[in-house]
Amino acid sequence: MMDWVWWLEYGDLLLGFLLLWWLAGRLPGKARWYVVSFGIGWLALLGWQRHRARERLQQLDQRRSQLQQQLQQLNQQAQQMEMQNQQLAQQARELAQQSSELRQQLQQLAEGDSELSERRAGIQAQLSETEQQAIDVQRENQQLLERLQQLQQWRELAGSSE
């Protein structure tokens, strides 16, 4: 199979060399060497250009393979981040629900008598802590969403380069 590829890529140069050799045999002495020198130079230049183009194509194929691997890694990271985002969103919903329950309890205690003021202070502290956790989770969720948007942009860039 490799022989056929070589013949397809360089066979016309070999044919050109043979034609040049035949033509040189038909020309007068001094002109023969000018034509042969120019013809061999031209064919050598064409062969070198094809060889360099083939090397460049192989390099580009390797780079494309590397980019495809990077894209696969980015896709995996994006999936992991999406799962993390879902988990954080679930935690945020749970914390919001806990916060709502604590507010209701706080309101019930506010309506109660003064003996429950200690319990009220504890619930107030829990409420503050829960709200702070909700803020932290929301901030982390926002950062994760920004990363997902960045990954999506990278995907689009990688998709447009293929």
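Whatever comes next refers back to the structure up there.
**Student:** What am I meant to see in the packing of aromatic side chains here?
**Tutor:** Two aromatic rings are characterised by how far apart their centres lie and by the angle between their planes. The final tally for this structure, using the stated rule, is two aromatic pairs. Ring centres of Phe38 and Trp42 lie 6.3 Å apart, and the angle between their planes is 20 degrees; on these two criteria the pair is classed as stacked. Taken together, the residues Phe38 and Trp42, both in helix 2 (residues 29-111) and four residues apart, mark about one turn of the helix. With a relative accessible area of 59%, Phe38 lands in the exposed category.

**Student:** I would appreciate a short explanation of the environment of Gln73 in the present structure.
**Tutor:** Structurally, Gln73 can be placed in helix 2. By relative accessible area, Gln73 is classed as partly exposed at 49%. Measuring from C-alpha to C-alpha, the distance between Gln73 and Glu9 comes to 36 Å, with 64 residues separating the pair along the chain.

**Student:** Please clarify how the side chain of Asn141 should be interpreted in this entry.
**Tutor:** With respect to the helices, strands and loops of the structure, Asn141 is situated in helix 3 (residues 117-161). Under the relative-accessibility criterion, Asn141 is labelled buried at 10%. Here Asn141 is in contact with Asn85, Leu88 and Ala89, once residues within four sequence places are set aside.

Conventions and cut-offs
Residues numbered from 1 in each chain as written. Predicted model: local features only at pLDDT ≥ 70, side-chain atom pairs only at ≥ 80, totals over all residues. Heavy atoms only, no water. Phe/Tyr/Trp six-rings, centres within 6.5 Å; stacked < 30°, edge-to-face > 60°. Helix = DSSP H or I, 4+ residues; strand = E, 2+ residues; numbered from the N terminus. Buried < 20%, exposed > 50% of the residue type's maximum accessible area, 1.4 Å probe, protein only. Contact = heavy atoms within 4.5 Å.

Geometry only, nothing functional implied.
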